[in-house]
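Close look at the chain arrangement
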Amino acid sequence: DRRFLYAAVRSPPFPVSSFAIDPTSGRLLHLASCPLADAMAYIATDRTGRHLLGASYQGSKLTINRIGPQGAVEAPALQIHDTPPNAHCIVTDPANRHVYATSLGGDLVMQFGFDAASGRITPADPPGVRSKPKAGPRHLAFGPDGRFLYLINELDATITLYEVEARSGALAERQTVPL
């Protein structure tokens, strides 16, 4: 809702700082800082703004922290999920029912169910889709209507298009194009 900004620091003790954004001036008001479970290469909120999702490249893990009613991220993490090497990106789908995350070193896009009430993820069936070996899955972005998920592969310079099954959230690869 553009009322808050979150910034993760990638050096010990790996804090995340929470800021309120003044709607008129755009100035930031520091609300709080708290430690995250590891250095996060990527952070994002869920669609409700009540949870901060993080992906740790060096720690190969995903985390979820609660965001309090005043907009500050809280510790400890509600959940820590180990991943294959080099987790890099984590996003929720537009309906806030599914979470997707990349593992650059595992050549994998992980798929999860997401419970927005508890802030917990559970592996989907299947738990992920493999990219081409050594493609290096890095960042994810949804198309405007949420039917498609785009993946940029860092190591082989390609973009992969996945169709998202509406009910289950399962990904089906439809196209890979070179950059």
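Data block above holds the structure.
Residues numbered from 1 in each chain as written. Predicted model: local features only at pLDDT ≥ 70, side-chain atom pairs only at ≥ 80, totals over all residues. Heavy atoms only, no water.

**Considerations on the sheet that holds strand E3 (residues 28-35)**
Spelled out, the test is: What makes two strands pair is DSSP finding at least two bridges between them. For the purposes of this entry, the term helix denotes a DSSP run of H or I that reaches at least four residues, the term strand denotes a run of E that reaches at least two, and both are numbered from the N terminus. Orientation is described by lines fitted to C-alpha atoms, with helices fitted over the stretch in contact, and by angles between N-to-C directions that extend from 0 to 180 degrees.
Within the open sheet, the 3 strands sit side by side as E1-E2-E3. Their pairing is antiparallel. Pairing within the sheet leaves two strands with one partner each, and these edge strands are strand E1 (4-8) and E3. With strand direction ignored, the average angle separating the axes of adjacent strands in the sheet is 20°. Bridge count for strand E2 (residues 15-21) against E3 is 7 bridges, and the pairing is antiparallel. By the bridge assignment, Ala20 is partnered in E3 with Leu29.

**A closer look at the nonpolar core**
Our working rule: Each nonpolar core is a collection of buried residues, namely Ala, Val, Leu, Ile, Met, Phe, Trp, Tyr and Cys, held together in the definition by side-chain atoms within 4.5 Å. Here's how the labels work: a residue is buried when its accessible area is under 20% of the maximum for its type, exposed when over 50%, partly exposed in between, all with a 1.4 Å probe on protein chains only. Contacts between residues were defined by any pair of non-hydrogen atoms, one from each residue, lying within 4.5 Å.
By size, the foremost hydrophobic cluster in this structure holds 14 residues, and its most contacted members are Leu62, Ile90, Val99, Phe112, Phe114 and Ile121. Of all the secondary-structure elements, those providing two or more residues to this core are strand E5 (51-56), strand E6 (61-66), strand E8 (87-92), strand E9 (98-103) and strand E10 (108-115). At 4 residues, E10 tops the list of elements feeding residues into this core. Aside from chain neighbours lying at most four places away, what touches Ile90 is Tyr42, Ala44, Leu53, Gly54, Ala55, Leu62, Val99, Tyr100 and Ala101.

**Regarding the side chain of Lys61**
For Lys61, the location among the structural elements is in strand E6. When near neighbours in sequence (up to four residues on either side) are disregarded, Lys61 contacts Ala37, Asp38, Gly54, Ala55, Ser56, Ile80, His81, Asp82, Thr83 and Ala87.

**Examining the sheet that holds strand E7 (residues 79-82)**
Sheets are built from strands that pair by backbone hydrogen bonding, the pairs being arranged parallel or antiparallel. Taken in spatial order, the 4 strands of this open sheet run E4-E5-E6-E7, and their pairing is antiparallel. Since the sheet does not close on itself, it has two edges, and those belong to strand E4 (42-45) and E7, each with one partner. Mean inter-strand twist for the sheet, computed between neighbouring axes without regard to direction, equals 15°. As defined by bridge partners, E6 adjoins E7 across 4 bridges and the pair is classed as antiparallel. The partner of Leu62 across the bridge, within E7, is His81.

**So, the pattern of salt bridges**
What counts here: The working definition used for a salt bridge is a side-chain nitrogen of Lys or Arg within 4 Å of a carboxyl oxygen of Asp or Glu.
Tallied over the full model, the rule gives 7 salt bridges. The shortest N-O distance in the salt bridge between Glu74 and Arg66 comes to 2.8 Å. Taking relative accessible area as the criterion, Glu74 reaches 32% and is therefore assigned partly exposed. Given the relative accessible area of 36%, Arg66 is considered partly exposed. Close ionic contact of Glu154 with Arg138 constitutes a salt bridge, the shortest N to O distance being 2.6 Å. Within this pair, whereas Glu154 is found in the loop between strand E13 (148-153) and strand E14 (158-164), its partner Arg138 is found in strand E12 (residues 137-142), the two being separated by 16 residues in sequence. Residue Glu154 is classed as partly exposed on the basis of its relative accessible area, which comes to 42%.

**Side note on the pairing of E12**
Each regular strand shows side chains that alternate between the opposite faces of the sheet. As judged from the 5 bridges shared by E12 and E13, these two strands associate in the antiparallel manner. Paired with Ala141 across the two strands is Tyr150, which belongs to E13. What sits between E12 and E13 in their antiparallel hairpin is a turn of 5 residues, with Gly146 showing a positive phi close to 80°.

**Let's talk about the environment of His51**
Residue position: His51 is located in strand E5. When the C-alpha positions of His51 and Pro137 are compared, they lie 24 Å apart, and in sequence the two are 86 residues distant.

**Let's talk about unusual backbone geometry**
Cis geometry marks the peptide bond from Ala75 to Pro76, where omega comes out at 0°. The residue Pro76 is located in the loop between E6 and E7 in this model. The residue after Asp125, namely Pro126, is reached through a cis peptide bond having omega 5°. Among the secondary structure elements, Pro126 is positioned in strand E11 (residues 120-130). The phi dihedral of Ser60 is positive, around 50°, even though this residue is not glycine.

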